[in-house]
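Observations on the three-dimensional arrangement
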Amino acid sequence: MKTILVTGGAGFIGAHLCEFLLHKGDRVICLDNLYSGNYSNIEHLFAYSNFHFVRHDVTQLFDTPVNEIYNLACPASPIFYQDDPVKTFTTSVFGTYHMLELAKKI
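Read on for a plain summary of the structure. (Residues numbered from 1 in each chain as written. Predicted model: local features only at pLDDT ≥ 70, side-chain atom pairs only at ≥ 80, totals over all residues. Heavy atoms only, no water.)

**Some thoughts on the pairing of strand β1 (residues 3–7)**
Along β1, 5 of the 5 residues are buried, which leaves the element largely enclosed by surrounding structure. Note that β1 and strand β2 (residues 27–32) share 5 bridges and pair parallel. In the strand pairing of β2, I4 is matched with V28. Following the backbone out of β1, through helix α1 (residues 12–23) and into the adjacent parallel β2, one traces a crossover that is right-handed. (Buried < 20%, exposed > 50% of the residue type's maximum accessible area, 1.4 Å probe, protein only. Helix = DSSP H or I, 4+ residues; strand = E, 2+ residues; numbered from the N terminus. Pairing = 2+ DSSP bridges. Right-handed = clockwise from strand over helix to strand, strands pointing away.)

Okay, here's the thing in structure tokens:
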């Protein structure tokens, strides 16, 4: 069983990816700060024992052993990225940087 980290996992696409990976039998760590993601997108996934939700902002370091990373963290809706373009920028840049640093450990 692989351990897979999905950043932005409570977003529309991230939640569906988490569900797909769980159906494959993987252990999924869903990382999201719930800025633009929504808890209601993932609440049904708590029925899986191999699903773990961590409320965390990818602009801050995160370290856990994983086999794969899917970095989807970014406020992609115009409602969110137009409201706070600096947050969009820092999420995209620092979030990607932190996930690349984590990926170097794989």
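**Here's the deal with the environment of E19**
Here E19 shows up in helix α1. For E19, a relative accessible area of 24% translates into the label partly exposed. Measuring from C-alpha to C-alpha, the distance between E19 and Y48 comes to 9.4 Å, with 29 residues separating the pair along the chain. Within the local environment of E19, its side chain forms a polar contact with the side chain of H44, the two groups lying 3.4 Å apart. (Polar contact = N/O pair within 3.5 Å; in protein donor to acceptor, adjacent residues only side chain to side chain.)

**Thoughts on the sheet that holds β1**
Whether parallel or antiparallel, the strands of a sheet pair through hydrogen bonds between backbone atoms. Read from one edge to the other, the open sheet built from 4 strands follows the order β3-β2-β1-β4, with strand pairing classed as parallel. On the outer flanks of this sheet lie β3 (51–55) and β4 (68–71), each paired with one strand and no other. The sheet shows a mean angle of 15° between the axes of neighbouring strands, direction not considered. Packed onto the sheet, α1 meets β1, β2, β3 and β4 and runs at close to 170° relative to β1. (Axes fitted to C-alpha atoms, helices over the stretch in contact; angles between N-to-C directions. Contact = heavy atoms within 4.5 Å.)

**Topic: unusual backbone geometry**
A negative phi angle is the norm for most residues apart from glycine, just as the trans form is the norm for most peptide bonds. Phi is positive for L34, which is not a glycine, with a value near 65°. Locating L34 in the fold gives a position in the loop between β2 and β3.

**Observations concerning the side chain of D32**
Looking at the element boundaries, D32 is found in strand β2. For D32, the side chain forms a polar contact with the main-chain nitrogen of G9, separated by 3.5 Å. Within the structure, D32 has its side chain in polar contact with the backbone nitrogen of L34 (distance 2.7 Å). Sequence-distant contacts of D32, that is, excluding residues within four places in its chain, are made with G8, G9, A10, G11, G37, F53, V54, R55 and H56.

**Considering α1**
Taking 1.5 Å per residue as the helical rise, α1 with its 12 residues ought to reach 16 Å, and the 17 Å between its terminal C-alpha atoms agrees with that figure. Two residues or fewer after α1 comes G25, characterised by a positive phi angle close to 100°. (Expected span 1.5 Å × (residues − 1).)

**Concerning the nonpolar core**
V6, C18, L21, V28, I42, L45 and F51 are the most contacted members of the largest nonpolar core, which has 13 residues in total. Per element, the largest residue contribution to this core is 5 residues, and it comes from α1. Discounting chain neighbours no more than four positions away, the residues touching I42 are G9, A10, A15, C30, F51 and F53. The next biggest cluster of nonpolar side chains, apart from the first, holds 9 residues, and it includes L31, V58, V66 and M99. (Core = buried A, V, L, I, M, F, W, Y, C linked by side-chain atoms within 4.5 Å.)

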